[in-house]
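# Structural characterization, general
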Amino acid sequence: MVIFGGDMSRYLSIIKKVGDYIWEIPTSFKEGMRVPGRIYASESLIKDMDEQVYDQITNVATLPGILKYAYCMPDGHSGYGFPIGGVAAMNVEENGVISPGGIGFDINCGMRLILTNLTYNDVKPKLKELVDMLFERVPAGVGSTGFVKITPSQFREVVEYGAKWCIERGYGWEEDLERTEEYGIMKGANSNKISDRAIQRGLNQIGTLGSGNHYLEIQWVKKENIFDEYIADKMGFFPDQIVVMFHCGSRGFGHQVATDYLQIFLNVMERKYRIKILDRELACAPFNSPEGQDYFEAMKCGINMSFANRQTILHRVREVFSKIFNSDPEKLGLRMVYDVAHNTAKLEEHCIDGVKRKVLVHRKGATRAFGPGREEVPDIYRDIGQPVIIGGSMETGSYLLLGTKRAEEETFGTTAHGSGRTMSRTKARKIWRGERLQQDMMRRGIYVRSVSYSGLAEEAGGAYKDIDEVINATHYAGISKKIIRFLPIGNIKG
Amino acid sequence: MPYKYIEDLSIADVAFEAYGESLEELFLSCALAITNTMIKDLSKVEPIFLRNIVLENDDIEMLLFNFLQELIFYKDAEKLLFSSLKIKLKKVNTNYKLECEARGEELNMAKHELLVDVKAVTLHHFQVKLSEGRWMAKVVLDV
C-alpha cells in the first residue's frame, strides 16, 4: 500500500505501510542508503511526524555497518544527526561505526520509577508540603549544584563505578542496583578517556535534575489504569497507590564528552577513515578504531555519571518522604521498580538471519525493551520481561510497560522513550504563560513547581504528542506491552 | 537586539539567528544570545569577573562553535554568565585567532530570572555567512 498526499507529499508518496504500525522508506529514496528506514507509528502519528525525521532517518541509513533498518520509534521527532527516537545497530565485525549523534548529547538521560505503600488519600493532604520539600532538596534549573561534594579524582571514581559508588557511600540500598539497567554500573568505563573540562563541568552536578524536559513527578495509580492486574500486582503496584517517577541525565558532563568526541571524529572521519556523511552531527568513526574505542569508553563514563545522578536523587527522595510522613523509607515501601537509559550505545547479542551476533545498538531517545529470558534482565523480572518506563508530558500521564520477544526480533529490543514534542520551545512560549498554566494545573489537581515560568510554558502538555497514541502504537506493534498508566499529581521542573 | 530566536528550526531545543557588521560583532551577538537563553534580563548580569578566552582555528564556523562552547563551560564549571565581551579577531596566516575579555558574574537565582539551561552548542544547521555585507550565524542549542 502506498500513501499519498499531505504537506509532506515528497515523503508520504514513497513511504510504504508494511505492517499495522510499521512504515518503510526504501533505499531508493536517497543515494547511499545501505538499508531501508522503518518508522513505528500509527497512521495519525506518521502524518504528524515532522519532516526532518524522514530526512534524518534516511541519513542514518547511509552509515557504514548499519544492519537491517534505520529505525524511528513512534515518539520520534527531529534531533541532531539521528532523530530523537532513532535506533541503529552496527556490525562491529565489519567496519561498523559508532556515532555520538546516535546517542545524543545527554548520555544516558533516563527514567527511574519508585514505589511507595502510600495511597492517594495518604498523600493528598500533604502534597503541597511534599512537592515543596522535594523542590528544595532536589536542585533543578540553570547552574544548580548538588549536595555531593567531591574532588576531581573522586569524580573519576563516580564515572567508573556509577550507582555502585553511591550505594557504597550510603546513598541508596543494595537492591537498587539490581533494579537499574546494567546493574547501575556500565562496565568498561575509562576515565582516562574523558577531558578535564568534562570533569569540571560535572563535578558539582551530581544529584541535580537539570532543566528542559527533566522533571520529578508524584503520580497516582488509578484502578482503571491498570491494564494487567496480575503483572502489576507481581511488580508491587496496587490501586490508588502513589509512585514517584523522574527523568534526568548526565548533565554538563555527558554533554562535554559528546562535544569533545564530535570534534575528534570530525577531524579523523574523512581524512583517516574515508567516511563521508550527510550531516556533521552524524560524525562517526569505525567502532574498531582507536578513536571509536576511546569514545565508547568515555561514553560509558557518561552512562555511569547519569546512574549516579539518579541514584543520588533517589536518596534525596527517600529522605524527603521519610521526613514528611515521619517514617523510615523502608516502612514507606520506597523501593525502586527500575531505571532505564534513553541515550546509549551498547554491545549486545542479537539474532540476525538466524545467527547470533554481537552488534552495537545506538538508541537515541529510545528505550531498551528486552523480553522475558534475556540475561541482561535481572532475576526479579526475567520471567516477565524488562520494565520500560515512559514519561509523558507533565499534564497528561506516564506509563509502565514491559519489553517483548517481538522487540528483540524486530527492533533490536527497542521501544519508545517519551511522548515526543510536536512544537518548538519558542513557539510554546508564545502560546502558553507559565503562571497561568501553573494555576490551571492546580485546578486540575496537579501541583507543579518550577524554577522558571517560561520553562514551564515550554513543557505544556499541548507541546507534546498524545502519549496514549504513542504507547498504543508500541503496544499494538508488539514492541512493548502496557501494564499501567500513571496520572501526575505533583511535579517539580527545572 | 542583534539576534532573534527562531520557532521552527528545532523542535526540542532553542535556535537563534545572530547578526553583526563585523565578525567580532557577530561573535558578540551569539554570546549574548546564549546568555539570554539562560536568563531573562541581560542587564542584570554585572561585569564583575573577568575571564580571558583565546582560541584559534582555520575554520570560522568551528571557531565560533568553540567560542560558544567556552561560555557554556564557564556556566557549568564556575557558574559564570557573561554580559560584557570585548572580542578581537584577526587572521594569522591561514588561521583565525580570537582573543576575548569576557566579563560577567555568578548566576544568582535571587537576582537573575532563570530561563533554560544551555548544555551544548550543536552543529545542526550551524552556519556562519556573509550576506549583503552583513555577517549572520545560525545556531541550535541543546537545552
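Residues numbered from 1 in each chain as written. Chains lettered and ligands numbered in written order. Predicted model: local features only at pLDDT ≥ 70, side-chain atom pairs only at ≥ 80, totals over all residues. Heavy atoms only, no water.

### Side note on the overall build of chain A
When you go through chain A residue by residue, the secondary structure sums to 16 helices and 19 strands. Its C-alpha atoms give chain A a radius of gyration of 21 Å, near enough to 23 Å, the size a compact globule of 494 residues would have. Taken along its principal axes, the extent of the C-alpha atoms in chain A is 65 × 55 × 45 Å. Taken across its 494 residues, chain A has 67% of its residues classed as buried. (Helix = DSSP H or I, 4+ residues; strand = E, 2+ residues; numbered from the N terminus. Rg over C-alpha atoms; globule rule 2.2 N^0.38 Å. Buried < 20%, exposed > 50% of the residue type's maximum accessible area, 1.4 Å probe, protein only.)

### A look at unusual backbone geometry
Residues and elements named next belong to chain A. Within the chain, N108 stands out as a residue other than glycine whose phi angle is a positive 55°. Structurally, N108 can be placed in the loop between β6 (97-98) and β7 (110-114). Its relative accessible area of 0% is what places N108 among the buried residues. Phi is positive for D240, which is not a glycine, with a value near 75°. With respect to the helices and strands, the residue D240 is situated in the loop between α9 (229-234) and β9 (242-248).

### Here we look at the packing of aromatic side chains
Residue and element names in this part refer to chain A. Using the criterion set out here, one finds 21 aromatic pairs over all chains in the structure. Geometrically, the ring pair formed by Y80 and F105 is edge-to-face, given 5.9 Å between the ring centres and 70° between the ring planes. Here F105 lies in the loop between β6 and β7 and Y80 lies in the loop between β4 (70-77) and β5 (84-91), a separation of 25 residues in the sequence. On the basis of relative accessibility, which here comes to 5%, the residue Y80 falls in the buried class. Three or more aromatic residues joined by ring pairs form one cluster here, namely Y69, Y71 and F412. Across from the ring centre of W220, 4.7 Å away, lies the NZ or CZ of K222, which sits over that ring. When the ring centre of F227 is taken as reference, the NZ or CZ atom of K482 above it lies at 4.6 Å. (Phe/Tyr/Trp six-rings, centres within 6.5 Å; stacked < 30°, edge-to-face > 60°. Lys NZ or Arg CZ within 6 Å of the ring centre and 35° of its normal.)

### A few points about the confidence of the model for chain B
Counting all residues, the mean pLDDT for chain B is 95, and 100% of those residues have values of 70 or more. Summarising per-element confidence for chain B, the mean pLDDT is lowest in strand β1 (residues 3-6) of chain B (93) and highest in strand β3 (residues 49-57) of chain B (98). (pLDDT = per-residue confidence, 0-100.)

### Brief notes about the nonpolar core
Inside soluble globular proteins, nonpolar side chains tend to come together where they are buried. Counting residues in hydrophobic clusters, the biggest one holds 184 residues, and the most contacted among them are L216, I218 and F321 of chain A together with F27, F67, L85 and L98 of chain B. A per-element tally of this core places helix α11 (residues 290-324) of chain A first, with 15 residues. Non-local contacts of L216 of chain A, meaning those with residues more than four positions away in its chain, are made with L134, V138, L209, V244, M245, F246, I313, V317, G490, N491 and I492 of chain A. Ranked by size, the runner-up nonpolar core spans 25 residues in total, among them Y215, M235, V377 and F486 of chain A. (Core = buried A, V, L, I, M, F, W, Y, C linked by side-chain atoms within 4.5 Å. Contact = heavy atoms within 4.5 Å.)

### A word on helix α5 (residues 127-137) of chain A
Taken together, the buried positions of α5 of chain A are occupied by L127, L130, V131, L134 and F135 of chain A. When α5 of chain A is viewed along its axis, its buried side chains cluster within an angular range of 130° and face the same direction. (Arc of directions from axis to C-beta.)

### Remarks on the pattern of salt bridges
All names here are of chain A. The tally for this structure, following the rule as stated, stands at 53 salt bridges over all chains. Linking D294 and K193 is a salt bridge whose minimum nitrogen-to-oxygen distance equals 3.1 Å. Here D294, found in helix α11, pairs with K193, found in the loop between α7 (174-178) and α8 (196-202); they are 101 residues apart in sequence, far enough to count as distant. The structure contains a network of salt bridges with shared partners spanning R421, R425, R429, E458, E459 and K493. (Salt bridge = Lys/Arg side-chain N within 4 Å of Asp/Glu carboxyl O.)

### What about the packing of helix α10 (residues 251-273) of chain A against helix α2 (residues 60-78) of chain B?
Each pair of packed helices gets described by two things: the angle between the helix axes and the distance between those axes. Between α10 of chain A and α2 of chain B, the least distance of the axes is 11 Å, while the angle of their chain directions is 160°. Taken together, the axes of α10 of chain A and α2 of chain B lie roughly antiparallel to each other. Viewed along their axes, α10 of chain A and α2 of chain B form a crossing whose handedness is left-handed. Across the interface between the two elements, G252, Q256, T259, L262, Q263 and L266 of chain A from α10 of chain A touch M62, F65, N66, Q69 and D76 of chain B from α2 of chain B. Here the residues of the contact of α10 of chain A with α2 of chain B sort into four nonpolar, six polar and one charged. (Axes fitted to C-alpha atoms, helices over the stretch in contact; angles between N-to-C directions. Parallel < 35°, antiparallel > 145°, perpendicular 65-115°, else oblique. Left-handed = near helix turned anticlockwise from the far one by under 90°. Nonpolar A, V, L, I, M, F, W, Y, C, P; charged D, E, K, R; others polar.)

### A few points about the side chain of D142 of chain B
In this structure, D142 of chain B sits in strand β8 (residues 134-142). Buried and unpaired, D142 of chain B has K119 of chain B as its nearest opposite-charge partner, separated by 4.8 Å. Residues within four places of D142 of chain B in sequence aside, it is in contact with Y80, F105 and H255 of chain A together with D13, D117, V118, K119, A120 and T122 of chain B. (Lys, Arg positive; Asp, Glu negative; His and termini not counted.)

### Things to note about the pairing of β5 of chain A
All names here are of chain A. Among the eight residues in β5, eight count as buried, and that is most of the element. When β4 meets β5, the two strands line up antiparallel, connected through three bridges. Of the residues in β5, the one forming a bridge with H77 is I84. In sequence, β4 turns back onto β5 through a hairpin of six residues, with G81 there showing a positive phi of about 75°. Here β5 runs beside strand β13 (residues 355-364); their pairing, made up of six bridges, is antiparallel. Among the inter-strand pairings, M90 is bridged to a residue of β13, identified as L360. (Pairing = 2+ DSSP bridges.)

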